[in-house]
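Survey of secondary and tertiary structure
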Amino acid sequence: MASGSIRRSYTLTCASSLLLLLGTAGTASAALATPPAQSTRTVLPMASDPGKILELVNEARKAAGCQPLAVDPKLTAAAQEYANDSTTNHTGSDGSSIQDRLKKAGATFNASAENIAWGSVDEKKHVDGWLASAVHSGNIKNCSYTKTGVAVSGDRIVQVFTD
């Protein structure tokens, strides 16, 4: 009897998720068919694992002779604010910089950096892309950075680094 209840609940949950995904896909198709008046992004449910991204980044840091980064909730809050934003450069839609977002989140730091990526839900693809870029790889392998915050929104990943 209990397994029948679980099966019905599981079926209902899966069906609800499928309807949500179909609704999102239909909305995205409509958005592509009619170009928006200005550039906007739809915030999608989290698809990548921030913990996996941190694991891959810390592996690269270890290979470079750096200590692993420690997660700081204030940095994570700043990263999440930007992951939810609609821009695809390092300036927020409100004109904010990474330093502005870090200060707003209450973080203290002397130096900071930010890596952003979008277009895939594959964590390794994003981190490999950063490692192939001199600037982004430099942020990852900068041993003076000791704290990080990683955030995901749909296919968008933001990683913030501070000392």
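Before going into details, it helps to say that this report is about the structure given with it. (Residues numbered from 1 in each chain as written. Predicted model: local features only at pLDDT ≥ 70, side-chain atom pairs only at ≥ 80, totals over all residues. Heavy atoms only, no water.)

Regarding the pattern of salt bridges
- Taken as a whole and judged by the stated rule, the model has 4 salt bridges.
- For lysine 124, the salt bridge is made with aspartate 128, and the minimal N-O distance between the two is 2.9 Å. Of this pair, lysine 124 and aspartate 128 are both found in helix H5 (residues 123–131), 4 residues apart, which corresponds to roughly one turn of the helix.
- Looking at lysine 124, the relative accessible area reads 46%, which means it is partly exposed. (Salt bridge = Lys/Arg side-chain N within 4 Å of Asp/Glu carboxyl O. Helix = DSSP H or I, 4+ residues; strand = E, 2+ residues; numbered from the N terminus. Buried < 20%, exposed > 50% of the residue type's maximum accessible area, 1.4 Å probe, protein only.)

Observations regarding the pairing of strand E3 (residues 147–153)
- Of all 7 residues that make up E3, 6 are buried, and the element is covered over most of its length.
- Judged from the 2 bridges that link them, strand E1 (residues 70–71) and E3 form a sheet pairing that is parallel. Bridge pairing in E3 links alanine 70 to lysine 147.
- Two elements, E3 and strand E4 (residues 156–162), share 7 bridges in a ladder whose sense is antiparallel. In the strand pairing of E4, valine 152 is matched with isoleucine 157. (Pairing = 2+ DSSP bridges.)

Digging into the environment of asparagine 89
- For asparagine 89, the location among the structural elements is in the loop between helix H3 (73–83) and helix H4 (98–104).
- Separated by 28 residues in the primary sequence, asparagine 89 and alanine 117 have C-alpha atoms spaced 9.4 Å apart.
- In contact with asparagine 89, other than residues within four places in its own chain, are Tyr82, Ile116 and Arg156. (Contact = heavy atoms within 4.5 Å.)

Some thoughts on helix H2 (residues 50–63)
- For H2, which comprises 14 residues, the first-to-last C-alpha distance of 20 Å matches the rise-based estimate of 20 Å (1.5 Å per residue) to within 8%.
- Every buried residue belonging to H2 is among Ile53, Leu54, Leu56, Val57, Asn58, Ala60 and Arg61, and all of these are buried.
- Among the structural elements, E1, H5, helix H6 (134–140), E3 and E4 are those in contact with the buried residues of H2.
- Downstream of H2 by one or two residues, glycine 65 has phi in the positive range, about 85°. (Expected span 1.5 Å × (residues − 1).)

Notes on the nonpolar core
- Grouped together as the largest cluster of nonpolar side chains are 16 residues, with contacts concentrated most on Ile53, Val57, Leu69, Val127, Trp130, Ile140 and Phe161.
- Within the residue set of this core, elements represented by two or more residues are H2, strand E2 (112–117), H5, E3 and E4.
- For this core, the element with the highest residue contribution is H2, accounting for 5 residues.
- Once residues within four sequence positions are removed from consideration, tryptophan 130 is found in contact with Ile53, Val57, Asn115, Ile116, Ala117, His136, Ser137, Ile140, Ile157 and Gln159.
- In terms of nonpolar packing, the next biggest core, distinct from the first, is built from 12 residues, Leu75, Ala79, Ile116 and Ala151 among them. (Core = buried A, V, L, I, M, F, W, Y, C linked by side-chain atoms within 4.5 Å.)

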